[in-house]
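Here's the letter readout for the chains.
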Amino acid sequence: MTMCPVCGRAVDEAAAKVQTGQTAHGAKEVDPKQGTRQFHDGKWYYFDSLGCRSKFTARPDEFLKKPAQ
Amino acid sequence: MNFGFSPEQEALRKEVLAFIKENLTPGVIAEVEGEEQEVSAGEESAGRKGLARRGPHLSELYRRIGARGWLGITYPKEYGGQGGDRISQYIVEEEFARVGIRVGLVGSGAPAILAAGTEEQKRDFIPRLISGEYSFALGFTEPHAGADLANLRCRAVRDGDEYVINGQKIYTTAAHVATHIYLMARTNTEVPKHDGISIFIFPMDTAGITVRPLVTIQNNPKAPVGTTYGAARTNEVFFDNVRVPKSALLGGENKGWRVGSTGLNLDRVGASRYLISVRRDEDIVNWLKENRHEGNSLGDDPAIRDKIAEMWIEAQVCRLMTMRSMSIVERGGNFTYEGSAEKVWAPEHGTRITEAITQMLGPYGQLMNGSPRTIEKGIFGHNVLGSFQSGINHGSVQIMRDQVARRGLGLPSQRKAQGARK
Ligand SMILES: Cc1cc2nc3c(=O)[nH]c(=O)nc-3n(C[C@H](O)[C@H](O)[C@H](O)COP(=O)(O)OP(=O)(O)OC[C@H]3O[C@@H](n4cnc5c(N)ncnc54)[C@H](O)[C@@H]3O)c2cc1C
Ligand SMILES: [Zn+2]
């Protein structure tokens, strides 16, 4: 488990990555309800929602400096 | 200058129409509708395998279309095409697109391969894109790179004879049904941003690719055939240490910006892109002719007739712009802003006509697919949603206007203009 850097909600990064399906031509598919992620400065960050991730995309330094409570 | 079709072209259109009449069987129609439903099935489709492969009726239909020489008409014969002319392609595409059958290569990525691919890439990809065995998902947009695409951060790092890719894409239409991804990634971080980008094409089953469904306004309820441009479902795509051979590179390392933008521009040339807008005019004209609404024929109403005529005139502009683009490309002319102009007019015409239809039909125009009282499977309501979609995807109308200003009118680029004002 990790924490959404924007709102502080718990995000299960393993669940966000676990394979729940397969595309027509063989790529792993994941469950969209399990949050999303972003590759930032060589590291993946996990978010509970696209909404939180958009805030992070706009101002990553703000959320990395001061973790949400 | 002759705006008419030649007798041979008129004969071709007749031949295509007769072919469609004979071959558009209920089995084919069911598969076309089924395919569209599967492609747009969104979250519910996650987890099922083997979607969007052609059924037996469609496979046979495409075999017959191919036997007539109507697939890949303008592509060279050595790459599986017919070495034919654009206007023939236009006629064939237009008539098949009207019945929901895709025969053109609009949005396929094929023009970029023809322009920038190695001999091996041309021989591998073009015949299979023409036959439909291969299809690409276009991996351009990222959370921090859309209209400002050159900001993309997805990284590809050279490691011996391979590249290692890490990063992500968003709004990747059809990643769930495509055989390959056509990916723009950063291969150099030390140079100006446009000069450090490369394009890679590799199979979707390459280890390390993850697809996360991202459904759009056209997904639920499901959009009927012909109301969306492309698949209704998009995706996020993640790349975790994805290793691809250097032969996956299209057009050389760090040459991706030019290859990609030229390819995107050429990929807009074709009848199917404009037809989605014009079909809405045809749909409402046919509906008004054939139906009475709450006891009246709406086609008798002067206000409605006036609006329909106005919109039909606009629709003809879409058509003429498309034909102009095709004719420029046919003559090998310099094709720079014309496709962009078309990509502003047709989507915005689509928005105007669907809005007008909503007014004419009142609440009936807003009943969606699956509603028990819906008319024409909800096409009018779904068209409203679809019209917004095509103003954003494959280059938004604002970006297209910027290209018209720069390439067509010779105005300074936005960045330079902003710099000058400071
Ligand atoms: C249905 C759908 C399918 C798509 N399919 C694909 C796909 O298959 N592959 C792919 O790579 N992408 C795809 N896209 C993404 C699409 O290309 C982008 O959404 C588009 O480029 C806009 O980028 P953005 O979403 O980041 O918006 P932003 O760049 O944040 O822009 C938001 C809005 O502001 C406008 N804008 C931005 N900058 C300017 C400016 N300088 N001047 C004036 N207006 C401006 C934009 O035009 C847009 O309307 C798809 C999008 C949709 C909606
Ligand atoms: Zn959050």
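Residues numbered from 1 in each chain as written. Chains lettered and ligands numbered in written order. Predicted model: local features only at pLDDT ≥ 70, side-chain atom pairs only at ≥ 80, totals over all residues. Heavy atoms only, no water.

Quick notes on the coordination of the zinc ion (ligand 2)
Residues and elements named next belong to chain A.
Stage number 1. Taken together, Cys-4 (SG), Cys-7 (SG), Asp-48 (OD) and Cys-52 (SG) make up the full set of protein donors to the zinc ion (ligand 2), lying 1.9 to 2.4 Å away.
Stage number 2. Between consecutive donor residues of the zinc ion (ligand 2), the sequence gaps follow C-x2-C-x40-D-x3-C. Of this pair, Cys-4 sits in the loop between strand E1 (2-3) and strand E2 (10-11) while Asp-48 sits in the loop between strand E6 (43-47) and helix H2 (50-58), placing them 44 residues apart in sequence. (Donors = N, O, S within 2.8 Å, 3.2 Å for Na, K, Ca; no water. Helix = DSSP H or I, 4+ residues; strand = E, 2+ residues; numbered from the N terminus.)

A closer look at helix H10 (residues 338-361) of chain B
Structural remark: α-helix, 3.6 residues per turn; residues separated by three or four positions point the same way.
Stage number 1. With 24 residues, H10 of chain B extends 34 Å between its outermost C-alpha atoms, agreeing within 8% with the 34 Å of an ideal straight helix rising 1.5 Å per residue.
Stage number 2. Buried residues dominate H10 of chain B, accounting for 18 of its 24 residues. (Expected span 1.5 Å × (residues − 1). Buried < 20%, exposed > 50% of the residue type's maximum accessible area, 1.4 Å probe, protein only.)

Re the site of ligand 1
All names here are of chain B.
Stage number 1. Among the 15 residues in the neighbourhood of ligand 1, the closest are listed as Leu-138, Tyr-171, Thr-173, Ser-396 and Gln-398.
Stage number 2. Within the contact set of ligand 1, a nitrogen atom lies 2.6 Å away from a backbone nitrogen or oxygen of Leu-138.
Stage number 3. Between ligand 1 and Thr-141 there is a distance of 2.7 Å, counted from a nitrogen atom to a side-chain nitrogen or oxygen.
Stage number 4. Summarising the interface, the protein chains cover 67% of the accessible area of ligand 1, which totals 970 Å² for the free molecule. (Near = heavy atom within 4 Å. Polar contact = N/O pair within 3.5 Å; in protein donor to acceptor, adjacent residues only side chain to side chain. Areas by Shrake-Rupley, 256 points an atom, 1.4 Å probe, with all protein chains shown as cover.)

A word on the domain arrangement of chain B
All names here are of chain B.
Stage number 1. Under the domain assignment used here, chain B contains domain 1 (7-134), domain 2 (137-254) and domain 3 (268-417).
Stage number 2. Measuring from the centre of the C-alpha atoms in domain 2 to the corresponding centre in domain 3 gives 28 Å.
Stage number 3. Facing 17 residues of domain 2, the contacting portion of domain 3 comprises 19 residues.
Stage number 4. Summed over both partners, the interface of domain 2 with domain 3 buries about 1,500 Å², with 60% contributed by carbon and sulfur atoms.
Stage number 5. Linking domain 2 to domain 3 there are 0 salt bridges.
Stage number 6. Taken together, domain 2 and domain 3 are joined by 1 residue pair in polar contact (both at pLDDT 80 or more).
Stage number 7. Residues belonging to the side of domain 2 that touches domain 3 are distributed by class as follows: 10 nonpolar, 6 polar and 1 charged. (Domains from an automatic or database assignment. Contact = heavy atoms within 4.5 Å. Buried area = accessible area lost by both parts, 1.4 Å probe. Salt bridge = Lys/Arg side-chain N within 4 Å of Asp/Glu carboxyl O. Nonpolar A, V, L, I, M, F, W, Y, C, P; charged D, E, K, R; others polar.)

Topic: the side chain of Ser-325 of chain B
Residue and element names in this part refer to chain B.
Stage number 1. Residue position: Ser-325 is located in helix H9 (residues 302-330).
Stage number 2. A residue is classified by how much of its surface remains accessible, and Ser-325, at 0% relative accessible area, is buried.
Stage number 3. For Ser-325, the side chain forms a polar contact with the side chain of Glu-342, separated by 2.5 Å.
Stage number 4. When neighbours within four sequence positions are excluded, Ser-325 is seen to be in contact with Val-269, Phe-335, Glu-338, Gly-339 and Glu-342.

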